[in-house]
There are 2 protein chains.
Amino acid sequence: MAARKPQDQTGRTLGPRALQTRQRLLEATEALLDQRSVREIRVVEIARKVGTSPATFYQYFRDVEEAILQLVEQAAEDLPAIVERMEGPWQGGRGLDTARAISDAFVRHWDTHGAVLRVRNLKAEEGDRAFRRVRQAALAPVVERLARVVEEHQKAGKVSQEISAWAAGSSIIAMLERMSSYHAMFERAGVTRAQLVETCARILHQTVTGRQVA
Amino acid sequence: MAARKPQDQTGRTLGPRALQTRQRLLEATEALLDQRSVREIRVVEIARKVGTSPATFYQYFRDVEEAILQLVEQAAEDLPAIVERMEGPWQGGRGLDTARAISDAFVRHWDTHGAVLRVRNLKAEEGDRAFRRVRQAALAPVVERLARVVEEHQKAGKVSQEISAWAAGSSIIAMLERMSSYHAMFERAGVTRAQLVETCARILHQTVTGRQVA
DNA sequence: TGCGAATCTGATATAACGTCAGATTTTCCG
DNA sequence: CGGAAAATCTGACGTTATATCAGATTCGCA
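Conventions adopted
- Starting afresh in each chain, residues are numbered from 1 along the sequence in its written order.
- Chain labels run from A onward and ligand labels from 1 onward, assigned in the order the entries are written.
- Given that the model is predicted, a residue must reach a pLDDT of at least 70 before its local features are reported, and side-chain atom pairs must reach 80 or more before they are shown or counted; all residues, however, enter totals for whole chains, interfaces and linings.
- Excluding hydrogens and water, the side-chain values take into account all heavy atoms of the structure.
- Side-chain atoms within 4.5 Å are what join buried Ala, Val, Leu, Ile, Met, Phe, Trp, Tyr and Cys residues into a set we call a nonpolar core.
- Only protein chains enter the accessibility calculation, which uses a 1.4 Å probe. A residue is then buried if its area is under 20% of the maximum for its type, exposed if over 50%, and partly exposed in between.
- Should any heavy atoms of two residues lie within 4.5 Å, those residues are counted as being in contact.
- Once two parts are put together, the accessible area they lose, assessed with a 1.4 Å probe and summed over both, is termed the buried area.
- Counted as salt bridges are all cases of a side-chain nitrogen of Lys or Arg within 4 Å of a carboxyl oxygen of Asp or Glu.
- Between N or O atoms, a polar contact is any pair within 3.5 Å; within protein, one atom must be a potential hydrogen donor and the other a potential acceptor, and residues adjacent in sequence are included only when both atoms are from side chains.
- Under the DSSP-based scheme used, a helix requires at least four consecutive residues in state H or I and a strand at least two consecutive residues in state E, with every element numbered from the N terminus.
- Across the chain, each position has a pLDDT score giving the predictor's confidence in that residue, from 0 to 100.
- Aromatic pairing here means that ring centres of Phe, Tyr or Trp (its six-membered ring) are within 6.5 Å. Orientation follows from the plane angle: under 30 degrees is stacked, over 60 is edge-to-face, and everything else is tilted.
- Disulfide assignment relies on a single distance test, namely cysteine sulfur atoms paired within 2.5 Å.
- Superposing copies: least-squares fit, C-alpha atoms only, residues required to have pLDDT of at least 70 in both.
- The rule for a residue being near a molecule or strand is that one of its heavy atoms must lie within 4 Å of it.

K.L.:
Explain the nonpolar core here, please?
P.N.:
Nonpolar side chains in soluble globular proteins tend to be buried together. Phe106(A) and Phe106(B) are the most contacted members of the largest nonpolar core, which totals 76 residues. Excluding residues that lie within four positions of it along the chain, Phe106(A) makes contacts with Ile82(A), Leu139(A), Val142(A), Ile173(A), Leu176(A), Glu177(A) and Ser180(A). Ranked by size, the runner-up nonpolar core spans 54 residues in total, among them Leu71(A), Phe131(A), Leu14(B) and Val38(B).

This is the structure we're talking about:
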């Protein structure tokens, strides 16, 4: 469980100078990802931005995807904070607050790491094993937590037995992720971020508890 | 509104031979997109697959994205069929059937055009104008139809006024799209396609009507 | 048949990839 | 402090892809 130490391509662990270079390369990659399509990311350009040569990049990463994979892992470090919010209560009006906290946390997570998460999901959908694994690792706790809430409400007869708790959890996460990545587009269409968070929170709440709040 | 006739890069409209070549290039692009990451699509390879030269490709498309954009437009031609299903009734048990039809239609649409739609959404999220436009054109009728159903149920007091009808429609579509693109992954985790469709249908139904069906 | 239009492609300049041998910088021991 | 060894970086290069254009090829039809 200890964070693996970064290595170079020949497997040697890195000293402080190397670590710094590597981190700079990662930051440059993320910055470029914010302004260019993932299809246009060039190793040369990443290197240029750091003031180093392409050969240096290849010392630390097999290719651009590997660098992005590292960024995805760094982004995943914020997630425990989101999972914590999910431990809130689900009864009555409090449940809606819990749902709002989750919805808001997702939007914020995507505001910070959107470009990187977008590539994570792309590669995962394209079937890339490594990206699937990190996506799975990041979201499974969230999905499972939601699924458990659904199951509890199913036992209490509040939610239909025809629903698969796990599929429901996944669906909600799917919705939150995509809406988070789209919310900038909505603002242009006159839907504020707050409305979006509120709407998603209510769908989430209603789905997992079966209850509607006026 | 008439389908614009395909042109080559100098604006000339195409004869039958050219049209066939162009279509072959598009098909090769789609086939390649099914097996390689979008980051790895190469014009040379598309050309090779058709048994022609890269120069021919550039006669018809500015670059790979333009070819994909054409594929996206072709894929969008199936959509009216989905929109039709949404005209079904929303009262009582019938509502759930309508929801199921929509959910199922989405999954089928993605089964057929997944690779292309994935790129459409990627480029749209990356901010590409053209891809945003076609995505918008394809999904707006669906979103608007759902939003109208939500509004009707809000007027009848069944759905909370705190929800933004348009955001709700978008959220549901977001969920359906992503779940459709993921369903293969779920099957590995023991959730069948049928369960997925049913679960999404119920979330959709409950969200737009405020009602739950046992 | 042969001409003009339509279509295709070889050749090429430009640019990125990815590797490796060797240069440069840092560390640290005597 | 001096200098060798370890760590880190990079110039140079063979390979592959992009994107363009002039000219070759193919087609329809008078």
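Having put the structure on the table, let's press on.
K.L.:
What am I meant to see in the interface of chain A and chain B here?
P.N.:
Accessible area lost upon the coming together of the parts serves often as the stated size of an interface. Taken together, the 51 residues of chain A in the interface contact 51 residues of chain B. In total, chain A and chain B occlude about 4800 Å² of area from one another, counting both sides; carbon and sulfur atoms represent 56% of this. If you sort the residues of chain A by the area they bury against chain B, Arg39(A), Glu125(A) and Arg178(A) come out on top, with a joint share of 17%. Counting the contacts that link chain A with chain B gives six salt bridges. In this structure, Arg178(A) and Glu125(B) form a salt bridge, with 2.4 Å as the shortest nitrogen-oxygen distance. For the pair chain A and chain B, the number of links is 26 residue pairs in polar contact (both at pLDDT 80 or more). Residue assignment for the side of chain A that touches chain B shows that the elements contributing at least two residues are helix H4 (64-76), helix H6 (92-125), helix H7 (129-155), helix H8 (165-188) and helix H9 (193-209) of chain A.

K.L.:
Teacher, can you tell me more about the pattern of salt bridges here?
P.N.:
Counted by the stated rule, this structure contains 30 salt bridges over all chains. Between Lys123(A) and Glu65(A) there is a salt bridge, and its shortest N-O distance comes to 3.1 Å. Of the two residues, Lys123(A) is situated in helix H6 and Glu65(A) in helix H4; the sequence distance between them amounts to 58 residues. On the basis of relative accessibility, which here comes to 6%, the residue Lys123(A) falls in the buried class. Put simply, Arg120(A), Glu125(A), Arg135(A), Glu177(A) and Arg178(B) are held in one network by salt bridges that share partners.

K.L.:
Sorry, what's going on with the side chain of Thr98(A) here?
P.N.:
Residues and elements named next belong to chain A. With respect to the helices, strands and loops of the structure, Thr-98 is situated in helix H6. Given a relative accessible area of 5%, Thr-98 falls into the buried group. Those residues in contact with Thr-98 that sit more than four places away from it in its chain are Arg-85, Met-86, Gly-88, Pro-89 and Trp-90.

K.L.:
Would you explain the confidence of the model for chain A in this entry?
P.N.:
Detail in the predicted coordinates should be disregarded across regions flagged by low pLDDT. Confidence in the prediction for chain A averages 93 pLDDT; 98% of positions are at 70 or higher. At the low end of the mean pLDDT range in chain A sits helix H5 (residues 79-85) of chain A, at 86; at the high end sits helix H2 (residues 43-50) of chain A, at 98.

K.L.:
Got a minute to help me understand the packing of aromatic side chains in this structure?
P.N.:
Both the distance between ring centres and the angle between the ring planes are used here to describe each pair of aromatic rings. A complete count under the given rule lists seven aromatic pairs over all chains for this structure. An aromatic cluster of at least three residues, connected via ring pairs, comprises Phe57(B), Tyr58(B), Tyr60(B) and Phe61(B).

K.L.:
I'm lost on the state of the cysteines in this one. Help?
P.N.:
In protein chemistry, a disulfide is the covalent bond that joins the sulfur atoms of two cysteines. In this structure the tally under the stated criterion is zero disulfides over all chains. Free cysteine: Cys200(A), not disulfide-bonded; nearest cysteine sulfur from Cys200(B) at 14 Å.

K.L.:
Explain the relation of the copies chain A and chain B here, please?
P.N.:
Think of it as a corkscrew move, a rotation about one axis and a shift along it, taking one chain copy to the other. Under the fitted operation, chain A is carried onto chain B by 0.0 Å of movement along the axis and a turn of 180°, and the coordinates agree to an RMSD of 0.0 Å. Look at the turn and shift together and you get a two-fold axis relating the two. Across chain A, the smallest distance between a C-alpha and the rotation axis is recorded for Met175(A), namely 2.1 Å. Taken together, the interface assignments show that 100% of the residues at the interface of chain A recur at the interface of chain B, consistent with an identical surface on both copies.

K.L.:
When you look at the protein's contact with DNA strand D in this model, what are you seeing that I'm missing?
P.N.:
Close to DNA strand D lie 16 residues, the nearest being Thr21(A), Thr52(A), Gln59(A), Tyr60(A) and Val44(B). Contact between DNA strand D and Thr21(A): a phosphate oxygen at 2.5 Å from a side-chain N or O atom of the residue. Here a phosphate oxygen of DNA strand D sits 2.4 Å away from a polar atom, N or O, in the side chain of Thr52(A). Broken down by secondary-structure element, the contributors of at least two residues to the surface near DNA strand D are helix H1 (16-35) and helix H3 (54-60) of chain A together with helix H2 (43-50) and helix H3 (54-60) of chain B.

K.L.:
It is not clear to me how the environment of Arg48(B) should be interpreted in this structure. Could you clarify?
P.N.:
The residue Arg48(B) is located in helix H2 in this model. Taking the C-alpha atoms as reference points, Arg48(B) and Ala81(B), 33 residues apart in sequence, are found 35 Å from one another.

K.L.:
How should the side chain of Thr29(B) be read in this particular structure?
P.N.:
Residue and element names in this part refer to chain B. Along the chain, Thr-29 falls in helix H1 (residues 16-35). A relative accessible area of 0% means that Thr-29 is categorised as buried. When sequence neighbours within four positions are dropped, the list of residues in contact with Thr-29 reads Ile-46, Phe-57, Ala-67, Ile-68 and Leu-71.

K.L.:
What's the story with the environment of Ile172(B) in this structure? I'm lost.
P.N.:
All names here are of chain B. Tracing the chain through its elements places Ile-172 in helix H8 (residues 165-188). Overall, Ile-172 belongs to the buried group, its relative accessible area being 0%. Spatially, the C-alpha atom of Ile-172 lies 19 Å from that of Phe-186, the residues being 14 residues apart in sequence. Apart from residues lying up to four places away in sequence, Ile-172 is in contact with Leu-146, Ile-203, Leu-204 and Thr-207.

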